[in-house]
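Geometric and topological summary
Residue strings, one per chain:
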Amino acid sequence: MTPPHARTWGRRGHTPVIRVRGRSRRRTSVAALCCYKPGEPSRLIHRPRAHLLLKGARKSFSWKDYRDLLVRAHIQLGGPIVVVWDNLNTHLAAGLKRYEAEHDWLTTVRLPPYAPDLNPVEAVWSLVRRAMANTAFDTPDDLDRTLRREIRRIQLRPHLIDGCLSATALTLAPPTPPSEPLP
């Protein structure tokens, strides 16, 4: 519920101040996949989740939540998928690695350590944060509603998702078929 900060137009020497209530007992997490396929519009598949901040409760996604997101993406995309993971500790969990090994429709590739500039999803979060900057939310539901609206806005504009890929300087190249030996 702590609002992000951004620049604002105010009189010089008079910084605008917005009072914000204390922390909520809820946390919202979102996992997203930027999906690219040559010749088709780019897609953003996401899964939001609200966590109650109770003693001993998990405060983020577990590897099972990421597994469920991968299954949902596989169903929506209707074919095998290649996932490029960053080195988040949950992506490296033994259970998720075991799941990846058991399913032939899933291929995973790891980004180098600390390479946010190679991850298109980081650019998506930048777009979402920019749209929500300088906003004080009244309730956790207000935050969730705004977050879903901004993600939906990005989903409906595939050129934004394409821009997130081009910001990484990575390209989509179809696999090259093996060359046949000359007789």
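Check the entry above for the structure.
What this report covers is the structure whose coordinates are included nearby. (Residues numbered from 1 in each chain as written. Predicted model: local features only at pLDDT ≥ 70, side-chain atom pairs only at ≥ 80, totals over all residues. Heavy atoms only, no water.)

Focus: the overall build of the chain
Counting its secondary structure elements, the chain contains 5 helices and 4 strands. When the helices and strands of the chain are placed in sequence order, the string is β-β-α-β-α-β-α-α-α. Counting every position in the chain, which comprises 183 residues, the buried fraction comes to 31%. Here the contacts in the chain between residues at least 6 apart in sequence split such that 62% fall between residues at least 24 apart. About 12,900 Å² of surface is accessible on the chain, with carbon and sulfur atoms providing 54% of the total. (Helix = DSSP H or I, 4+ residues; strand = E, 2+ residues; numbered from the N terminus. Buried < 20%, exposed > 50% of the residue type's maximum accessible area, 1.4 Å probe, protein only. Contact = heavy atoms within 4.5 Å. Areas by Shrake-Rupley, 256 points an atom, 1.4 Å probe, with all protein chains shown as cover.)

Notes on the pattern of salt bridges
One pass over the structure, following the stated rule, counts 7 salt bridges. Across the pair Asp68 and Arg67 runs a salt bridge, and its minimum N-O distance is 3.3 Å. Classification of Arg67 by relative accessible area gives partly exposed; the value is 23%. Residues joined in a network through salt bridges with shared partners are Arg149, Glu150 and Arg153. (Salt bridge = Lys/Arg side-chain N within 4 Å of Asp/Glu carboxyl O.)

Concerning the state of the cysteines
Inspection of the entire model under this criterion finds 0 disulfides. Note on Cys34: no disulfide assigned, nearest cysteine sulfur contributed by Cys164 at a separation of 5.6 Å. (Disulfide = S-S within 2.5 Å.)

Some points on unusual backbone geometry
In this structure, Tyr114 is a non-glycine residue whose phi angle is positive, near 40 degrees. Structurally, Tyr114 is set in the loop between β4 (106-110) and α3 (120-132).

Remarks on the packing of aromatic side chains
If you walk through the whole model with that rule in mind, you get 3 aromatic pairs. Residues Phe61 and Tyr66 carry aromatic rings whose centres are separated by 5.5 Å and whose planes lie at 45 degrees to one another, so their mutual orientation is tilted. Of the two residues, Phe61 and Tyr66, both sit in the buried class. With a centroid separation of 6.4 Å and 75 degrees between ring planes, the pair formed by Tyr99 and Trp105 is classed as edge-to-face. In this structure Tyr99 comes out as buried when scored by relative accessible area, which is 11%. Trp105 sits in the buried class, given a relative accessible area of 14%. What links up through ring pairs into an aromatic cluster is the set Phe61, Tyr66 and Trp85. (Phe/Tyr/Trp six-rings, centres within 6.5 Å; stacked < 30°, edge-to-face > 60°.)

Let's talk about the environment of Trp85
In this fold, Trp85 is placed in strand β3 (residues 81-85). Taking the relative accessible area as the measure of exposure, Trp85 reaches 4% and is therefore buried. For the pair formed by Trp85 and Val109, sequence separation is 24 residues and the distance between their alpha carbons is 6.2 Å. There is a polar contact of 3.0 Å between the side chain of Trp85 and the side chain of Glu100. (Polar contact = N/O pair within 3.5 Å; in protein donor to acceptor, adjacent residues only side chain to side chain.)

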